[in-house]
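Listed below are the residues making up each chain.
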Amino acid sequence: MPRVHDGAANPDPEHGPASGLRFAVVVSKFNDFVTSKLLDGCIDHLEENGADSDEIDIYWVPGAFEIPIAAQKCAQTGRFDAVICLGAVILGETDHYRLVVDGATQGIARVGLDTGVPVIFEVLATQTVALAMARAGGSAGNKGEEAAQAAIEIARLLATIE
Ligand code: INI
């Protein structure tokens, strides 16, 4: 029989699946009217799933481009089971948008692979403010919650791989 591993399974229903896990959340101040809502959704979901609020550290960075360097330092401490990255890049009139999105995306991916600590990518990249707001607790849900769920699942899954 194959052995099936799924970080979403919770063998200890008395405690939530996030209990005992430590999280860093790196969140950008740029477009904070969006990112603060992602952060609220993320923290609520972690705590609803049993995370201890004393085991969550939140790091505010200036913009999405600075997320990777802060995420890298968090991961390198060895103190966290997952690092969650939250940002919002909204299309402007210049190519800066694409450069910021690409820098954040590639940097965040690299941190996870270089350190072995799961790093969750939830940097919204949208054409309009309305599209970003829809994903930050509006009609399209809250991507911060999804980021929290992904962090719980991948942290638990990695712990099963030996
Ligand atoms: N940073 C964001 O997080 N979102 C944006 O939409 C954005 N735009 O459009 O410029 C943005 N720029 C700042 C960037 O992340 C850096 O903070 C800045 O370039 C300094 O390194």
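Details of the structure are given in the entry above.
Here is what the cut-offs are and how they apply
- Residues numbered from 1 in each chain as written.
- Predicted model: local features only at pLDDT ≥ 70, side-chain atom pairs only at ≥ 80, totals over all residues.
- Helix = DSSP H or I, 4+ residues; strand = E, 2+ residues; numbered from the N terminus.
- Rg over C-alpha atoms; globule rule 2.2 N^0.38 Å.
- Buried ≥ 20, exposed ≤ 12 C-beta atoms within 10 Å, placed from the backbone.
- Contact = placed C-beta atoms within 7 Å.
- Near = placed C-beta within 6 Å.
- Nonpolar A, V, L, I, M, F, W, Y, C, P; charged D, E, K, R; others polar.
- Axes fitted to C-alpha atoms, helices over the stretch in contact; angles between N-to-C directions.
- Parallel < 35°, antiparallel > 145°, perpendicular 65-115°, else oblique.
- Left-handed = near helix turned anticlockwise from the far one by under 90°.
- Expected span 1.5 Å × (residues − 1).

S.K.: Explanation requested: the overall build of the protein chain in the structure shown.
M.R.: The number of helices and strands found in the protein chain is 5 helices and 6 strands. Moving toward the C terminus, one meets the helices and strands of the protein chain in the order β-α-β-α-β-α-β-α-β-β-α. Against the globule reference of 15 Å for 162 residues, the protein chain gives a C-alpha radius of gyration of 16 Å, in line with a compact fold. By its C-alpha atoms, the protein chain is 55 × 35 × 35 Å across when sized along the principal axes. For the protein chain, the proportion of its 162 residues judged to be buried stands at 42%. Considering only residue pairs separated by 6 or more positions, the protein chain has 79% of its internal contacts joining residues 24 or more positions apart.

S.K.: Got a minute to help me understand the site of the ligand in this structure?
M.R.: Inspection of the region around the ligand gives 16 residues, with Phe30, Gly63, Ala64, Phe65 and Val89 positioned closest. For the shell around the ligand, the elements supplying multiple residues, two or more each, are β3 (82-90) and α3 (96-115). Residue composition of the shell around the ligand, grouped by class: 9 nonpolar, 6 polar and 1 charged.

S.K.: Would you mind going over the packing of helix α1 (residues 32-48) against helix α5 (residues 143-160) with me for this structure?
M.R.: Axes are the key here: two packed helices are described by the angle between their axes and the distance separating the axes. Put simply, α1 and α5 touch, their axes get as near as 6 Å, and they point 40° apart. Compared by their axis directions, α1 and α5 come out oblique. Helix-helix and strand crossings are classified by hand; for α1 and α5 the assignment is right-handed. Contact residues: Lys37, Leu38, Leu39, Asp40, Gly41, Cys42, His45 and Leu46 in α1; Lys143, Gly144, Glu145, Ala147, Ala148 and Gln149 in α5. Among the residues forming the contact of α1 with α5, the class breakdown is 6 nonpolar, 4 polar and 4 charged.

S.K.: Teacher, can you tell me more about the environment of Trp60 here?
M.R.: Turning to its location among the elements, Trp60 is positioned in strand β2 (residues 56-61). Through-space distance from the C-alpha of Trp60 to that of Cys74 is 12 Å; in sequence the pair is 14 residues apart. With sequence-adjacent residues up to four places away left out, Trp60 is seen in contact with Val27 and Lys29.

S.K.: Where do I start with the environment of Glu55 in this structure?
M.R.: With respect to the helices and strands, the residue Glu55 is situated in the loop between α1 and β2. Note on Glu55: 16 C-beta atoms within 10 Å, which makes it partly exposed. The spacing of Glu55 and Ser139 is 84 residues in sequence and 30 Å in space, taken between C-alpha atoms. Not counting residues up to four positions away in its chain, the partners in contact with Glu55 are Leu21, Arg22 and Phe23.

S.K.: I'm lost on α5 in this one. Help?
M.R.: Within an α-helix, residues lying three or four positions from one another point in the same direction, as the helix has 3.6 residues per turn. If you check α5, its first and last C-alpha atoms are 26 Å apart, about what 18 residues at 1.5 Å a residue would give, namely 26 Å. Taken as a whole, α5 has its buried residues at Lys143, Gly144, Glu145, Ala147, Ala148, Ala151, Ile152, Ala155 and Arg156. Where α5 is buried, its residues meet β1 (23-28), α1, β3, β4 (119-126), β5 (136-138) and β6 (141-142).

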